[in-house]
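The residues making up each chain are set out below.
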Number of protein chains: 2
Amino acid sequence: MEPVYTDLVEGRINFNDFKNKIKDCKAVIINSPSNPTGRVESMETLKQIEKLTSDLGTYVLSDEVYKDLIYVRENYLIKGPHVITINSFSKTYALCGLRVGYLWSLDQELVNKIIEMKTATSMNTSILSQAMAYETTKTPRSFINKQVKIWKQRRDLIYEGLSSMNLDLWKPEGAFYVLPKIKNSKDFVWNMFKKYKVITYPGEWFGANDRARFSYALDINKIEEGLKRVRKYLEREGSSHLG
Amino acid sequence: MEPVYTDLVEGRINFNDFKNKIKDCKAVIINSPSNPTGRVESMETLKQIEKLTSDLGTYVLSDEVYKDLIYVRENYLIKGPHVITINSFSKTYALCGLRVGYLWSLDQELVNKIIEMKTATSMNTSILSQAMAYETTKTPRSFINKQVKIWKQRRDLIYEGLSSMNLDLWKPEGAFYVLPKIKNSKDFVWNMFKKYKVITYPGEWFGANDRARFSYALDINKIEEGLKRVRKYLEREGSSHLG
């Protein structure tokens, strides 16, 4: 299979480009809220994608792992017999180390094939992980709402911190990443890691060569410390990274 | 890929048949001690296989998950740059629910490809499972020896129990399965499950239509209870299953 990429506008899907690129595609992956952009796609775009893919008979892999981590805007979850919905216990319940996710679809035949493939590649999933994931299903919605408030504080902190260093970025609407413009982003990532012990990811890994991804899946004090180090680096030796 | 099967003689590899069948094979899987036969291959056969596959440049997947559960005979672990050794924490340390295994090979390029495939299919492994598996590496050999004695008691119990019902089987040398001859084994498996709540596997799943697999990975009292039920079934209605 050969991947085809749709061009984003400020981290969001441009439906016209999407429509042009989808022609020979068997399936599309939609990830809203998105890693690494932190964007939530507009309701209108998501509904247009739902209709177009349904008309064309193109499968949609709807990766909704960040669906509970939204700070602004409404979300829309794509539905239909051509949709495979993917979710995880990693984000909402911070169980990423336990490696439990799931998918569902109205297409039972497809689900059976996926079960067969899963069984033949990694067989079943740790029973401890499954038991812990099951416990999360008893979590009241109020817990998630409380967590979202914490995520929003972290988002505001990192957004304001990086903005004040004159980095060009948009404010995340969901998920827990910021994706500022960084010139020579591979050097930036390498230096931040080697000299300042801060881990970021090169935008290149996500098809955005002129950016770097910062995660804010950390406690406030860790984010503050990280921001201090980024500021120090940019002040001392990082002028080549600013646009 | 198309699987090719070598014919076993009383659950053991016949080297002449193996030699004839290997010609167009890219890789062979050796599982000694074996699920479902409970056999340990002879040292001579294993050394012959090691040499032949080395000469032909055929990969050996040496599945050694039962290597610590041997009651009689010596074992030999196939070595060489063409060998991929597979092991698990499931059997020796009874951690099967945690789903942690590993493989190693002298062929670093192949290992890199396997890591890439693993990453793209099931990514990494539960950190809880990994931590628990790591703890087992501190287990003294004396613990394993003690466990093997318990396994041997279970083996003797099930072997003697099934033999006394006039079932035709060999005494397992390793692993924790017996594979008696059972006529109409699919009916047997189904009836034992539905009417007597005893789970066995049809030999058909392992290429042995005239047999059924019993596991003795259970405490002694459970095995005793299982044997009682098998006896009851065979006495009441199971005459069609005896050879």
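Being a predicted model, the structure only gives us computed values, none of them experimental.

Draft legend 1. Structural context of the overall build of chain A. Counting its secondary structure elements, chain A contains 7 helices and 9 strands. A globule of 243 residues ought to have a C-alpha radius of gyration of about 18 Å, and chain A, at 19 Å, matches this closely. For chain A, the C-alpha atoms occupy an extent of roughly 60 × 45 × 35 Å along the three principal directions. When burial is assessed residue by residue, chain A has 30% of its 243 residues classed as buried. Within chain A, contacts between residues separated by at least 24 positions form 64% of all contacts whose residues are at least 6 apart in sequence.

Draft legend 2. Quick look at the sheet that holds strand β7 (residues 177–178) of chain B. Residue and element names in this part refer to chain B. Spatial ordering of the open sheet is given by β7-β9-β8, a layout of 3 strands whose pairing is antiparallel. Two strands bound the open sheet, and with one partner strand each, they are β7 and β8 (201–202). In terms of strand pairing, β8 meets strand β9 (residues 212–215) through 2 bridges, oriented antiparallel. Counterpart to P202 in the pairing with β9 is A212.

Draft legend 3. Inspection of helix α2 (residues 43–56) of chain B at higher detail. Residues and elements named next belong to chain B. In this model α2 runs 20 Å from its N-terminal to its C-terminal C-alpha over 14 residues, within 8% of the 20 Å that 1.5 Å per residue would give. Within the span of α2, buried status applies to L46, I49, E50 and T53. All buried residues of α2 lie within an arc of 100° about the axis, which places them on one face of the element. Among the exposed residues of α2, those oriented more than 90 degrees off its buried face are E44, K51 and D55. Contacts from the buried residues of α2 go to α1 (15–21), β3 (27–30) and β4 (59–63). Phi turns positive one or two residues past the end of α2, at G57, with a value near 70°.

Draft legend 4. Spotlight on the relation of the copies chain A and chain B. Once chain A is rotated about the relating axis by 180° and shifted along it by 0.0 Å, it coincides with chain B to within an RMSD of 0.0 Å. Such a combination of turn and shift is consistent with a two-fold rotation axis. Proximity to the rotation axis, assessed at the C-alpha, singles out A:S122 in chain A; its C-alpha lies 3.2 Å from the axis. Interface residue correspondence from chain A to chain B reaches 100%, placing this contact among same-surface, isologous pairings.

Draft legend 5. A look at the sheet that holds strand β7 (residues 177–178) of chain A. All names here are of chain A. Spatially, 3 strands are ordered β7-β9-β8 in an open sheet, and the strand pairing comes out antiparallel. Of all strands in the sheet, those with a lone pairing partner are β7 and β8 (201–202), marking the two edges. Across 2 bridges, β7 lies against strand β9 (residues 212–215) in antiparallel orientation. Directly across from Y177, in β9, lies its bridge partner S215.

Draft legend 6. Fine view of helix α7 (residues 220–237) of chain A. Residues and elements named next belong to chain A. The end-to-end C-alpha distance of α7 is 26 Å, a good match for the 26 Å that 18 residues give at a rise of 1.5 Å each. Along α7, the positions that sit buried rather than exposed are I223, G226, V230 and L234. End-on, the buried residues of α7 take up no more than an arc of 70°, which puts them together on one face. The outward face of α7, more than 90 degrees from its buried face, is lined by the exposed residues N221, E235 and R236. Looking at the buried side of α7, the elements it contacts are α5 (141–163) and α6 (185–196).

Draft legend 7. Representation of the interface of chain A and chain B in the model. The interface is formed by 12 residues belonging to chain A together with 12 residues belonging to chain B. When residues in the side of chain A that touches chain B are grouped by element, the largest group, 3 residues, is from helix α4 (residues 127–136) of chain A. When grouped by side-chain class, the residues that make up the side of chain A that touches chain B number 4 nonpolar, 7 polar and 1 charged.

Draft legend 8. Inspection of the domain arrangement of chain A at higher detail. Residue and element names in this part refer to chain A. Domain boundaries assigned for chain A yield domain 1 (8–136) and domain 2 (141–241). Computed over C-alpha atoms only, the centres of domain 1 and domain 2 are separated by 25 Å. Across the boundary between the two partners, domain 1 contributes 18 residues, which contact 16 residues of domain 2.

Draft legend 9. Spatial organisation of the nonpolar core. By size, the foremost hydrophobic cluster in this structure holds 23 residues, and its most contacted members are B:I158, B:L162, B:F176, B:Y177, B:V178, B:F214 and B:Y216. Ranked by residue count, the leading element in this core is helix α5 (residues 141–163) of chain B, at 4 residues. Apart from residues no more than four positions distant in its own chain, B:L162 is found in contact with B:L167, B:L169, B:V178 and B:P180. Within the second largest apolar cluster, 22 residues are counted, among which are A:F176, A:V178, A:I182 and A:L234.

Rules and cut-offs
Residue positions within a chain follow its written sequence, with the count starting from 1. Each chain takes a letter, starting from A, and each ligand takes a number, starting from 1, following the order in which they are written. Thresholds applied to this predicted model are a pLDDT of at least 70 for local features of residues and 80 or more for the giving and counting of side-chain atom pairs; totals over whole chains, interfaces and linings are not thresholded and use all residues. A run of H or I in DSSP counts as a helix once it spans at least four residues, and a run of E counts as a strand once it spans at least two, with each numbered from the N terminus. It is over C-alpha atoms that the radius of gyration is taken, and the globule rule equals 2.2 Å times the number of residues to the power 0.38. Whether a residue is buried, exposed or partly exposed follows from its count of other C-beta atoms within 10 Å of its own C-beta, namely 20 or more, 12 or fewer, or something in between, respectively; the C-beta atoms are built from the backbone. By the convention adopted here, residues are in contact when the distance between their C-beta atoms, placed from the backbone, does not exceed 7 Å. When DSSP locates at least two bridges between a pair of strands, those strands are taken to pair. Helix span is expected to be 1.5 Å times the residue number reduced by one. Regarding the arc, it is the one traced by the directions from the helix axis to the C-beta atoms. A least-squares superposition brings the copies together, and it is based on the C-alpha atoms of residues with pLDDT no lower than 70 in both. Nonpolar residues are Ala, Val, Leu, Ile, Met, Phe, Trp, Tyr, Cys and Pro. Charged residues are Asp, Glu, Lys and Arg, and all others, Gly as well, are polar. Start and end points for every domain follow an automatic or database-based domain assignment. Defined on buried residues, the nonpolar core groups Ala, Val, Leu, Ile, Met, Phe, Trp, Tyr and Cys residues joined through C-beta atoms within 7 Å.

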